[in-house]
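Residue strings, one per chain:
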2 protein chains.
Amino acid sequence: MNMISAETENKAPILITNDDGIQALGILTVARLMSHLRRVIVVAPDSARSGAGCSITSTRPVEFAAWKGKASPEADELLPEAGPYPIDYFTCSGTPVDCIKIADEYVLNGAPALLVSGINHGDNASCSLHYSGTMGAVIEGTLKGWPSVGFSLRTTNHLANFKPHHDAILRIARFVLDNGMKQGEALNVNFPEVDELKGIKATRMARGKWEQEWADAHNPHGKRAYWLTGCFTNLEPEADDTDYWALDHGYCSVTPFQLDLTAHETLKKLTHSGLIS
Amino acid sequence: MNMISAETENKAPILITNDDGIQALGILTVARLMSHLRRVIVVAPDSARSGAGCSITSTRPVEFAAWKGKASPEADELLPEAGPYPIDYFTCSGTPVDCIKIADEYVLNGAPALLVSGINHGDNASCSLHYSGTMGAVIEGTLKGWPSVGFSLRTTNHLANFKPHHDAILRIARFVLDNGMKQGEALNVNFPEVDELKGIKATRMARGKWEQEWADAHNPHGKRAYWLTGCFTNLEPEADDTDYWALDHGYCSVTPFQLDLTAHETLKKLTHSGLIS
């Protein structure tokens, strides 16, 4: 029983999810933008799942349901015009990866033309890719063989201004629709919080790390309890070919990345080491 | 305020975590095995976190506390002898990645000599690496610059027989202690469920995918609710150099993998495409 059955047009739809939850301005913005290109199906978490990575829900059933697609009044003012294609919204009680798996099994009829995750409120450059639920969904879409792109904006503002990036988002989505992606690869797209982009740069993941990661939660019952927080450090700030450099200098960063993590040079060495028998 | 202060010996300890929770036979087994090599500090989730990936806890404070290190009577019978070095146990209310971050900030004094995650009950070969909380902890340790190894056994048995693999686990741990790991790389070690290993193979990640992923949870209140489950398919079953092939043929699989996901060939092509401005 698939929930989208009679196609109003024959083209495969664009599937959209995120990790900030279905009411976030970022996902409502990108849904309307994508409705200028294709029919849109949104399957997103019912509330925030920031930092969900590729996590899945295995200890309880996952629920999903149709959603009205109603933004808060303050978010509504900031949304772009919707395009000519319809948008259907569903919420899911699971993680972003669960949303993709639910969409694949119960909502879609066949592969989408494109999976878009985001627009995340907060960048997912450098090692943040590993922690990101937005990017976890992109990894899941890629594992399913779908062209998949994650969009993120370097901001902590839940009413962030996405307008300066509407054109670039549509341009990148059209580029992937037209050219596809190599099997096992996807795009991690990050925007700086600027009024005008300097341009779009193809970049690699910067080496970076999070530090000063905990803040005392002052548990009144005497338990040791801490909030996860942290400061990011770019470990190669001089390199001008990284995602972080692009963001720091006002460019949109487009990083192609792959799901095969094998370290092939080390594999060769290991094969001839004393460990192997 | 670090909780392990006066060293009984000068060597850096081995840090251990998992995603099955601190009472799992796998982690209690590997803690005892590692206590033959170094002082051991265990910081593990207070209950199962299977499928946690690299997820982090950002919506509530994370708690942690000392733990007595007491196995259930049925698990206790299956544990190996402890070595001469002490083992200290702590539980954490967060994810495996949170455990590493808590250990780094509040338990350890400086870097551990080695991070061991596991032994997971269930293999983490092929794309399962992306979903695995066991391997999420390994990625986190690697981001912190520590030599990091994940151990997993292809089994669903919570009282699994780890004995045939004790020697190989110690051998691989010694190898990493002696040789270190290249920065930004780690090992994903998977064991088949056999009474006798055929040997140890250096392997690459197989291309694979999960299918038939949902089972109806028969929600009595009429909601659509589903259990995540699934069947794994190895998409290159003939290739004899993959982690999956090694497991299928009775070998221990050692896969070196890297945290830089950049797809460098595609990056070159993208740089000269019409998308870049």
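Quick note: structure is the one above.
These lines cover the structure that appears in this document, whether it is placed above or below. Given the structure is predicted, the values throughout are model-derived calculations rather than measurements.

Let's talk about unusual backbone geometry
All names here are of chain A.
Okay, step 1: Backbone torsion omega between Gly118 and Ile119 reads -5 degrees, so that peptide bond is classified as cis.
Okay, step 2: Mapped onto the secondary structure, Ile119 falls in strand β5 (residues 114-121).
Okay, step 3: At Ser126, a position not held by glycine, the phi torsion is positive, near 50 degrees.
Okay, step 4: The topology assignment puts Ser126 in the loop between β5 and α4 (128-131).

Quick notes on the relation of the copies chain A and chain B
Two chain copies here: they are related by a rotation about an axis and a translation along the same axis.
Okay, step 1: With an RMSD of 0.0 Å, the operation that places chain A on chain B is a rotation of 180 degrees combined with a shift of 0.0 Å along the axis. The transformation just described matches what one would write down for a two-fold rotation axis.
Okay, step 2: Both copies present the same face, since 100% of the interface residues in chain A are matched by interface residues at the equivalent positions in chain B.

A look at the interface of chain A and chain B
Okay, step 1: Facing the 78 residues of chain A at the interface are 78 residues of chain B.
Okay, step 2: Together, the buried faces of chain A and chain B total about 7000 Å²; carbon and sulfur atoms form 62% of this surface.
Okay, step 3: Taken together, the connections running from chain A to chain B amount to six salt bridges.
Okay, step 4: Among the ionic pairs, Glu213(B) bridges to Lys144(A), the shortest N-O distance being 3.0 Å.
Okay, step 5: In this structure, the connection of chain A to chain B is made through 34 residue pairs in polar contact (both at pLDDT 80 or more).
Okay, step 6: Counted by class, the side of chain A that touches chain B contains 40 nonpolar, 20 polar and 18 charged residues.
Okay, step 7: Sheet topology places strand β11 (residues 225-228) of chain A next to strand β3 (residues 62-67) of chain B; two bridges connect them, and they run antiparallel. Following the sheet pairing, Tyr226(A) is matched in β3(B) by Val62(B).

Overview of the nonpolar core
Okay, step 1: Grouped together as the largest cluster of nonpolar side chains are 45 residues, with contacts concentrated most on Ile16(B), Met34(B), Val42(B), Phe151(B), Ile172(B), Val189(B) and Phe191(B).
Okay, step 2: Once you skip the residues sitting within four places of it in the chain, Val189(B) turns out to touch Val149(B), Gly150(B), Phe151(B), Ser152(B), Ile172(B), Cys252(B), Ser253(B) and Val254(B).

Rules used throughout
- Residues numbered from 1 in each chain as written.
- Chains lettered and ligands numbered in written order.
- Predicted model: local features only at pLDDT ≥ 70, side-chain atom pairs only at ≥ 80, totals over all residues.
- Heavy atoms only, no water.
- Helix = DSSP H or I, 4+ residues; strand = E, 2+ residues; numbered from the N terminus.
- Least-squares fit on C-alpha atoms with pLDDT ≥ 70 in both.
- Contact = heavy atoms within 4.5 Å.
- Buried area = accessible area lost by both parts, 1.4 Å probe.
- Salt bridge = Lys/Arg side-chain N within 4 Å of Asp/Glu carboxyl O.
- Polar contact = N/O pair within 3.5 Å; in protein donor to acceptor, adjacent residues only side chain to side chain.
- Nonpolar A, V, L, I, M, F, W, Y, C, P; charged D, E, K, R; others polar.
- Pairing = 2+ DSSP bridges.
- Core = buried A, V, L, I, M, F, W, Y, C linked by side-chain atoms within 4.5 Å.
- Buried < 20%, exposed > 50% of the residue type's maximum accessible area, 1.4 Å probe, protein only.

All quantities given are derived from atomic positions and should not be read as evidence of function.
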